[in-house]
Amino acid sequence: MSVDRIATGLIVLLGMFAIFWVVPTQIETVAYGRIVPSTVPTIALWALVAVATIQFFKDKATSSLDVVVCIRAAGIVALIVTAVFLMEMFGFEFVAPFLAIAIMLAIGERRWYWLLFGGVILPLGIWLLVERALDRTLA
């Protein structure tokens, strides 16, 4: 069994774990609002499980493990985990722009207008829509 099949098998298992345990235990139900809070995460997880299952059974050539790519991916995961903890202390609207800009810079984006849009306008627009218009918390 190749590394690709093991990785996609783990993604399927972790996705099912998240669907049936993490989402029901970590997302609260509320009596107000039009959309149930678990709708979007559940749809995203089912999509992830579906494409991972297709990838698992798809015939492919073996690939090698690139250590540099793995280290960069681990760095981005560490950045996201740090941002989640900072969001609890300072709030989404203060941490999300810095996280978005850091990720955009990490993947090589250098155009100022994309950094402005993706790093400032988009996170603050999400905050205004979700917290103000939909009356849901993001932190």
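Structure: see above.
Conventions adopted
Sequence order as written defines residue numbering, which begins from 1 separately in each chain. Two thresholds apply to this predicted model, a pLDDT of at least 70 for residue-level local features and 80 or more for giving and counting side-chain atom pairs, whereas whole-chain, interface and lining totals are computed over all residues. As a convention, hydrogens and water are excluded, and side-chain values are obtained from all of the structure's heavy atoms. Cavity means a closed set of points on a 1 Å grid over the protein atoms alone, one where a 1.4 Å probe fits but cannot get out, pocket means an open set with protein on both sides within 12 Å along at least 5 of 7 lines, and lining means a residue has an atom within 4 Å of a point. Grid points are joined across faces, edges and corners, and a volume is the space filled by probe spheres set on the points. Each residue receives one of three labels: charged for Asp, Glu, Lys and Arg, nonpolar for Ala, Val, Leu, Ile, Met, Phe, Trp, Tyr, Cys and Pro, and polar for the others, Gly being one of them. The angle between two axes is taken between their N-to-C directions and runs from 0 to 180 degrees, where each axis is a line fitted to C-alpha atoms and a helix contributes only its stretch in contact. Numbering of helices and strands runs from the N terminus, with a helix taken as a DSSP run of H or I at least four residues long and a strand as a DSSP run of E at least two residues long. Here is the rule for angles: anything less than 35 degrees is roughly parallel, anything more than 145 is roughly antiparallel, 65 through 115 is roughly perpendicular, and the remaining ranges are oblique. By the definition used in this description, the sense in which the near helix is turned from the far one sets the handedness, with an anticlockwise turn below a right angle giving left-handed and a clockwise turn giving right-handed. When checking whether two residues touch, look at their non-hydrogen atoms; a contact exists if any pair is within 4.5 Å.

## A few points about the layout of surface pockets
Estimated volume of the largest pocket: approximately 680 Å³. Surrounding the largest pocket, 19 residues form its lining, I27, P37, V130, R136 and T137 being those nearest its centre. Counted by class, the lining of the largest pocket contains twelve nonpolar, three polar and four charged residues.

## A closer look at the packing of helix α4 (residues 92-106) against helix α5 (residues 112-133)
At a minimum axis separation of 9 Å, α4 and α5 run at an interaxial angle of 150 degrees. Judged on the interaxial angle alone, α5 and α4 are roughly antiparallel. Viewed along their axes, α4 and α5 form a crossing whose handedness is right-handed. Here α4 contributes F92, E93, A96, P97, A100, I101, M104 and L105 to the contact with α5, which in turn contributes W114, L115, G118, G119, V120, P123, L124, I126 and W127. For the contact of α4 with α5, the per-class residue count stands at 14 nonpolar, two polar and one charged.

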